[in-house]
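Here's the letter readout for the chains.
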Amino acid sequence: EPEVTQTPSHQVTQMGQEVILRCVPISNHLYFYWYRQILGQKVEFLVSFYNNEISEKSEIFDDQFSVERPDGSNFTLKIRSTKLEDSAMYFCASSVGRANSPLHFGNGTRLTVT
Amino acid sequence: GESVGLHLPTLSVQEGDNSIINCAYSNSASDYFIWYKQESGKGPQFIIDIRSNMDKRQGQRVTVLLNKTVKHLSLQIAATQPGDSAVYFCAENTLNTNAGKSTFGDGTTLTVKP
């Protein structure tokens, strides 16, 4: 069964550094998402992406965040200058349709900012 | 505003018993609901979904019930097994968003005792 893959599984970085989290969505999916989950808390929406542009973003997704689909397979999340509070699990997801379609999640990247 | 929440943060059941996990939502515009299961160290995994024009949907060992009058959603797991131990999230979508994003509830931790 096709799956969403994310790399790296764990990223440790120093405050102020830039990080890029990578995702390969399921190949025939058209909608892509990033979510984050702070330890022990619920899964929070960051951004959705369709047709090479952001469809919607949350308040968390400020100017420090950006997303890109540089080629036909990868979908990346960049944090320009990481803060301690950015430490969380970051999940990439994709779906085949806009509505009435469940999300397929990767297993996440654990980001630790020191 | 929209919010999706769960009545109980933890649920402990005996192996073989049936489990019921509840969820309340407040957004009247919600029209598609999903249950996800998250095992430790993994991303959320789709279990079952239901559209707002239905009040019940059954899968393998799982049933989702939707009561739009009181904005309540439940997940029933029959003959609960140790492998069902996980955190369960309800999520909702609204068709009038551009992105088809899912808004997650807080999660219920299900523990199955042998």
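Our subject is the structure that appears above.
These figures come from a predicted structure and were not determined experimentally.

### Here we look at the state of the cysteines
Right, so step 1: Under the definition given, this model contains 2 disulfides over all chains.
Right, so step 2: Between the sulfur of A:C23 and that of A:C92 lies a disulfide, 1.9 Å long from S to S. Here A:C23 and A:C92 share a disulfide; its torsion about the S-S bond, -65°, makes the bridge left-handed. One end of the pair, A:C23, is in strand β3 (residues 19–24); the other, A:C92, is in strand β9 (residues 88–95), with 69 residues separating them in the sequence. Side by side, A:C23 and A:C92 carry an identical accessibility label, which is buried.
Right, so step 3: Put simply, B:C23 and B:C90 are joined by a disulfide, and their sulfur atoms are 1.8 Å apart. Looking along the S-S bond of the B:C23-B:C90 disulfide, the torsion reads about 50°, which is the right-handed sense. Highlighted residues: B:C23 in strand β3 (residues 19–25) and B:C90 in strand β9 (residues 86–93), separated in sequence by 67 residues. Judged on exposure class, the residue B:C23 and its partner B:C90 are both buried.

### Some details on the environment of B:I48
Residue and element names in this part refer to chain B.
Right, so step 1: Checked against the element boundaries, I48 lands in strand β5 (residues 45–51).
Right, so step 2: Here the alpha-carbon distance between I48 and Q76, two residues 28 residues apart in the chain, equals 11 Å.
Right, so step 3: Those residues in contact with I48 that sit more than four places away from it in its chain are F33, I34, W35, R57, Q58, G59, V62, V64 and L75.

### What about the interface of chain A and chain B?
Note: interface size is frequently given as the accessible area lost on complex formation between the parts.
Right, so step 1: Contacts between chain A and chain B engage 21 residues on the former and 25 residues on the latter.
Right, so step 2: Across the interface of chain A and chain B, roughly 1,900 Å² is buried in total on both sides, 53% from carbon and sulfur atoms.
Right, so step 3: Remark: the boundary between chain A and chain B carries 2 salt bridges.
Right, so step 4: Where A:K42 meets B:D106, a salt bridge forms, and the shortest distance between an N and an O atom there is 3.8 Å.
Right, so step 5: Here chain A and chain B share 5 residue pairs in polar contact (both at pLDDT 80 or more) between them.
Right, so step 6: Among the elements that make up the side of chain A that touches chain B, the one with the highest residue count is strand β4 (residues 31–37) of chain A (4 residues).

### Considerations on unusual backbone geometry
Right, so step 1: Residue A:P8 is bonded to the preceding A:T7 through a cis peptide linkage, with omega at -10°.
Right, so step 2: Inspection of the secondary structure assignment puts A:P8 in the loop between β1 (5–7) and β2 (10–13).
Right, so step 3: The phi dihedral of A:N51 is positive, around 55°, even though this residue is not glycine.
Right, so step 4: In this structure, A:N51 sits in the loop between β5 (44–50) and β6 (53–57).
Right, so step 5: Backbone geometry places B:R61, a non-glycine residue, at a positive phi of 65°.

Criteria and thresholds
Residues numbered from 1 in each chain as written. Chains lettered and ligands numbered in written order. Predicted model: local features only at pLDDT ≥ 70, side-chain atom pairs only at ≥ 80, totals over all residues. Heavy atoms only, no water. Disulfide = S-S within 2.5 Å. Helix = DSSP H or I, 4+ residues; strand = E, 2+ residues; numbered from the N terminus. Buried < 20%, exposed > 50% of the residue type's maximum accessible area, 1.4 Å probe, protein only. Contact = heavy atoms within 4.5 Å. Buried area = accessible area lost by both parts, 1.4 Å probe. Salt bridge = Lys/Arg side-chain N within 4 Å of Asp/Glu carboxyl O. Polar contact = N/O pair within 3.5 Å; in protein donor to acceptor, adjacent residues only side chain to side chain.

Any functional reading would require information that these geometric values do not contain.
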